[in-house]
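One letter stands for each residue in the lines below.
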Amino acid sequence: MSNTPEGFFVDWDGQLRSTTDCGGGYRCEVDLPAKYVAVMSTKGALVHEATFYKDQAAVEKAGIKASLVPGSVPWGRKSEGF
């Protein structure tokens, strides 16, 4: 989504991802006032909800220790069917 605000969120494996490169073929919809990220499938199904962080400093300030991963890193584990 071209109008997706740049920022970060934590995925279901505890990894930090960019809202503009969330990977897995997913796209992010961001509600800035609510600080909310909806991760959507290509067919429009909601697959994950998360808190929006404007930058990595905001993530650290929240006490979250998560490694930033590129969109090429798969979501989930092989044992989970991903």
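This text follows the structure it describes.
Cut-off values and rules
- Residues numbered from 1 in each chain as written.
- Predicted model: local features only at pLDDT ≥ 70, side-chain atom pairs only at ≥ 80, totals over all residues.
- Heavy atoms only, no water.
- Pairing = 2+ DSSP bridges.
- Helix = DSSP H or I, 4+ residues; strand = E, 2+ residues; numbered from the N terminus.
- Axes fitted to C-alpha atoms, helices over the stretch in contact; angles between N-to-C directions.
- Phe/Tyr/Trp six-rings, centres within 6.5 Å; stacked < 30°, edge-to-face > 60°.
- Buried < 20%, exposed > 50% of the residue type's maximum accessible area, 1.4 Å probe, protein only.
- Salt bridge = Lys/Arg side-chain N within 4 Å of Asp/Glu carboxyl O.

How should I be thinking about the sheet that holds strand 3 (residues 27–31) in this particular structure?
Two modes of strand pairing occur in sheets, parallel and antiparallel, and in both the strands are linked by backbone hydrogen bonds. Taken in spatial order, the 3 strands make up an open sheet running 3-4-5, and their pairing is antiparallel. The open sheet terminates on both sides in strands that have one partner only, identified here as strand 3 and strand 5 (46–51). Neighbouring strand axes in the sheet, compared pairwise and without regard to direction, differ in orientation by 20 degrees on average.

For this particular structure, what's the right way to read the packing of aromatic side chains?
Aromatic ring pairs are described here by two measures, namely the spacing of the ring centres and the angle between the planes. All chains considered together, the criterion is met by 3 aromatic pairs. Between the aromatic rings of Trp-12 and Trp-75, the centroid separation amounts to 4.6 Å while the plane-to-plane angle is 70 degrees, which identifies the pairing as edge-to-face. Highlighted residues: Trp-12 in the loop between strand 1 (8–10) and strand 2 (16–18) and Trp-75 in the segment after helix 1 (56–61), separated in sequence by 63 residues. Exposure remark for Trp-75: the relative accessible area of 3% places this residue in the buried category. Measuring from centroid to centroid gives 5.2 Å for Tyr-26 and Trp-75, while their planes differ by 90 degrees, and the two rings are edge-to-face. Of the two residues, Tyr-26 is situated in the loop between strand 2 and strand 3 and Trp-75 in the segment after helix 1; the sequence distance between them amounts to 49 residues. Put simply, the rings of Phe-9, Trp-12, Tyr-26 and Trp-75 pair up and form one aromatic cluster.

Honestly, the pattern of salt bridges in this entry has me stumped. Any pointers?
If charged atoms from side chains of opposite charge come close, those side chains can pair. This model, assessed by the stated rule, comprises 2 salt bridges. Between Asp-11 and Arg-17 there is a salt bridge; the shortest N-O distance is 2.7 Å. An identical accessibility class is assigned to Asp-11 and Arg-17; each is buried. Of the charged contacts in the structure, one is a salt bridge between Glu-29 and Arg-27, with a shortest N-O distance of 2.5 Å. By relative accessible area, which is 28% here, Arg-27 ends up partly exposed.

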